[in-house]
Amino acid sequence: MAVIRVLVVDDDAQVRAGLRTVLGGANDVLVVGEAGDGQEALNVTNSTVPDVVLMDIRMPRMDGVRATTRLRERGTPARILILTTFDTDELVLAALRAGANGYLLKDTPPADVITAIRRVAAGEPALSPSVTTQVIAAAVRPNDRRLTARALLASLTARERDVAVLISDGRTNQEIAKALHMGIATVKTHVGNVFVKFGATNRVQVARCVHDAELG
């Protein structure tokens, strides 16, 4: 039986310890490492090469959505399974759009968490029932531009969000740099990150997304 290598990422040490105990009961699952936030997860993923990253959403320094985005940008082959207490539409869609392969809530029974790990390791999606309902509702909702736009904005860092809002106001890079007290090179980096995460090719598309989210 192939062993699934798992990296546990959560800012709560007790949660990590509990997950180690739960996963230790499965003979085909091996916890190869832990991380306390998204930034640490990037480093530990490089050193442990997990098959599945079991990732929390709300963490200091770098949250789970941003960490998922970064891992996908790096071409990391690990499957990413979100395990969190938060199930808002914006976070669910942002995580899945960032490249997560599954989304579970922390009230999921231990046996079902192990089953979900096996599913995503095999290339299948794994979603909590309530999350599945939200995803289906978002897919069939006749006018969900606002929800989609908010999910995209949720995938941004705080600074990227500031930049996106200023882009929607028609500001140039020079004006953004002055308003946010940063260098032009830094602004260009943030603008590029916004374009990538939004799948945008021009500033008009970014502005439309911000306005759809009713932030502009």
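Residues numbered from 1 in each chain as written. Predicted model: local features only at pLDDT ≥ 70, side-chain atom pairs only at ≥ 80, totals over all residues. Heavy atoms only, no water.

Draft legend 1. Layout of the overall build of the chain. Along the chain, the regular secondary structure elements total eleven helices and six strands. Whereas a compact globule of 216 residues would reach a radius of gyration of roughly 17 Å, the chain reaches 18 Å, a difference of no more than 12%. Here the C-alpha coordinates of the chain stretch approximately 55 × 40 × 25 Å along the principal axes. Taken across its 216 residues, the chain has 47% of its residues classed as buried. Surface accessibility of the chain: about 10,300 Å² in total, with carbon and sulfur atoms responsible for 53%. Distance from the positive charge centre (26 side chains) to the negative charge centre (24 side chains) of the chain: 6 Å. (Helix = DSSP H or I, 4+ residues; strand = E, 2+ residues; numbered from the N terminus. Rg over C-alpha atoms; globule rule 2.2 N^0.38 Å. Buried < 20%, exposed > 50% of the residue type's maximum accessible area, 1.4 Å probe, protein only. Areas by Shrake-Rupley, 256 points an atom, 1.4 Å probe, with all protein chains shown as cover. Lys, Arg positive; Asp, Glu negative; His and termini not counted. Charge placed at Lys NZ, Arg CZ, Asp CG, Glu CD.)

Draft legend 2. Highlighting the side chain of D56. Residue position: D56 is located in the loop between β3 (52-55) and α3 (64-73). Engagement of the side chain of D56 in a polar contact is seen with the side chain of T84, the distance being 3.5 Å. The residues contacting D56, other than those within four sequence positions of it, are V9, D10, D11, G64, L83, T84 and K106. (Polar contact = N/O pair within 3.5 Å; in protein donor to acceptor, adjacent residues only side chain to side chain. Contact = heavy atoms within 4.5 Å.)

Draft legend 3. Spatial organisation of the environment of L153. The topology assignment puts L153 in helix α7 (residues 145-154). On a C-alpha basis, the gap between L153 and Y103 in space is 19 Å, while along the polypeptide they are 50 residues apart.

Draft legend 4. Summary view of the nonpolar core. One finds V9, V53, M55, I57, I82, A95 and Y103 to be the most contacted residues of the largest nonpolar core, which totals 26 residues. Listing elements by their share of this core, those giving two or more residues are β1 (4-9), α2 (38-48), β3, α3, β4 (79-84), α4 (89-98) and β5 (102-105). With five residues, α4 is the largest single contributor of residues to this core. Counting residues in hydrophobic clusters, the runner-up holds 22 residues, among them L156, F198, C209 and V210. (Core = buried A, V, L, I, M, F, W, Y, C linked by side-chain atoms within 4.5 Å.)

Draft legend 5. Inspection of the pattern of salt bridges at higher detail. Scanning the model with the defined rule gives ten salt bridges in all. Between E34 and R20 there is a salt bridge, with its nearest N and O atoms 2.4 Å apart. Taken as a pair, E34 in strand β2 (residues 29-35) and R20 in helix α1 (residues 13-23) lie far apart in primary sequence, 14 residues in all. One salt bridge connects D28 with R118, and the closest N-O pair in it is separated by 2.8 Å. Linking D28 in the loop between α1 and β2 with R118 in helix α5 (residues 110-121), this pair joins segments that are 90 residues apart in sequence. Under the relative-accessibility criterion, D28 is labelled buried at 7%. Classification of R118 by relative accessible area gives partly exposed; the value is 37%. Bridged by salt links that share partners, the residues D10, D56 and K106 form one connected network. (Salt bridge = Lys/Arg side-chain N within 4 Å of Asp/Glu carboxyl O.)

Draft legend 6. Layout of the environment of I176. Of note, I176 is situated in helix α9 (residues 173-180). Given a relative accessible area of 0%, I176 falls into the buried group. Along the sequence, I176 and L166 sit ten residues apart, while their C-alpha atoms lie 6.5 Å from each other. I176 has contacts with V163, L166, I167, R171, V187 and R203, leaving out every residue within four places of it along the chain.

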